[in-house]
Amino acid sequence: MKRILISLASIIALTAALVGCSSGVKLSDVPVENKTGTPADQSGTGGASGVPGRDVAPVLIGATDPSLAGPPGVAKVIYFDYDSFVIKPEFQGTVEAHARFLSANKDRKLVIEGNTDERGGREYNLALGQKRAEAVRRAMGLLGATDAQIEAVSFGEEKPAVTGAGEEAYSKNRRAEFNYR
């Protein structure tokens, strides 16, 4: 009898837990907010998306705004020596040009992406990529750019510029990239 009561109590507790975890939210009824300033499709056909009330704007590939590119004629990538996050002297001018651009355009934002070659462990490469991006961010801060304008992120070895094994490929992957937003 005692075992039956324990089993019954367990079933009741499990049922209560499952009922407590359930949700009345229907995932198919997700509210959509129109931020385009144009009226949403009210015809019920769904426009280009095929979903009533939701219209999708086309993506234009290759149509980039030149004002988002950063300083004209300045490289968007700098390279590092093996296992180093020291900015080489030949890239100081590039860093300075980007810092001047940001200090002249206070509304602009920049993401510096630190990258490594494939040698080393994943965690080590993520840390080294972050140190590279942070070194560039600190240098730009000393040259007039604000911390609020610059974000430093690491991709480690996950986003190689060149595939292959060998010093030529490795040297192109040890880099920091400037991406304006």
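Look up a bit, the structure's there.
None of these values were measured; they are calculated from a predicted model.

A. The pairing of strand E4 (residues 175-180), seen in detail. Counting buried residues in E4 gives 5 out of 6 residues, a clear majority hidden from the surface. Alignment of strand E2 (residues 110-115) against E4, held across 5 bridges, turns out to be antiparallel. Paired with Leu-110 across the two strands is Tyr-180, which belongs to E4.

B. Spotlight on the sheet that holds E2. Strand order in the open sheet made by the 4 strands is E1-E4-E2-E3, with mixed pairing throughout. Across the chains shown, the open sheet's two edge strands, defined by having one partner strand only, are strand E1 (77-79) and strand E3 (150-156). For this sheet the average axis-to-axis angle between neighbouring strands, irrespective of direction, equals 20°. Against the sheet, helix H2 (residues 92-104) engages E1, E2, E3 and E4, with an angle of about 20° to E4. Lying over the sheet, helix H3 (residues 122-142) contacts E1, E2, E3 and E4, oriented at roughly 155° with respect to E3.

C. Region of the structure containing the environment of Tyr-79. With respect to the helices, strands and loops of the structure, Tyr-79 is situated in strand E1. Apart from residues no more than four positions distant in its own chain, Tyr-79 is found in contact with Lys-88, Phe-91, Ser-171, Lys-172, Arg-174 and Arg-175.

D. Structural detail: the packing of aromatic side chains. This model, assessed by the stated rule, comprises 2 aromatic pairs. Residues Phe-101 and Tyr-180 carry aromatic rings whose centres are separated by 5.3 Å and whose planes lie at 85° to one another, so their mutual orientation is edge-to-face. Within this pair, whereas Phe-101 is found in helix H2, its partner Tyr-180 is found in strand E4, the two being separated by 79 residues in sequence. Phe-101 gets classed as buried once you look at its relative accessible area, which sits at 15%. The side chain of Lys-159 reaches across the aromatic face of Phe-155, ending 4.7 Å from its centre. Residue placement shows Lys-172 over the ring face of Tyr-79; its charged tip is 5.2 Å from the ring centre.

So, how was this worked out
Residues numbered from 1 in each chain as written. Predicted model: local features only at pLDDT ≥ 70, side-chain atom pairs only at ≥ 80, totals over all residues. Heavy atoms only, no water. Buried < 20%, exposed > 50% of the residue type's maximum accessible area, 1.4 Å probe, protein only. Helix = DSSP H or I, 4+ residues; strand = E, 2+ residues; numbered from the N terminus. Pairing = 2+ DSSP bridges. Axes fitted to C-alpha atoms, helices over the stretch in contact; angles between N-to-C directions. Contact = heavy atoms within 4.5 Å. Phe/Tyr/Trp six-rings, centres within 6.5 Å; stacked < 30°, edge-to-face > 60°. Lys NZ or Arg CZ within 6 Å of the ring centre and 35° of its normal.

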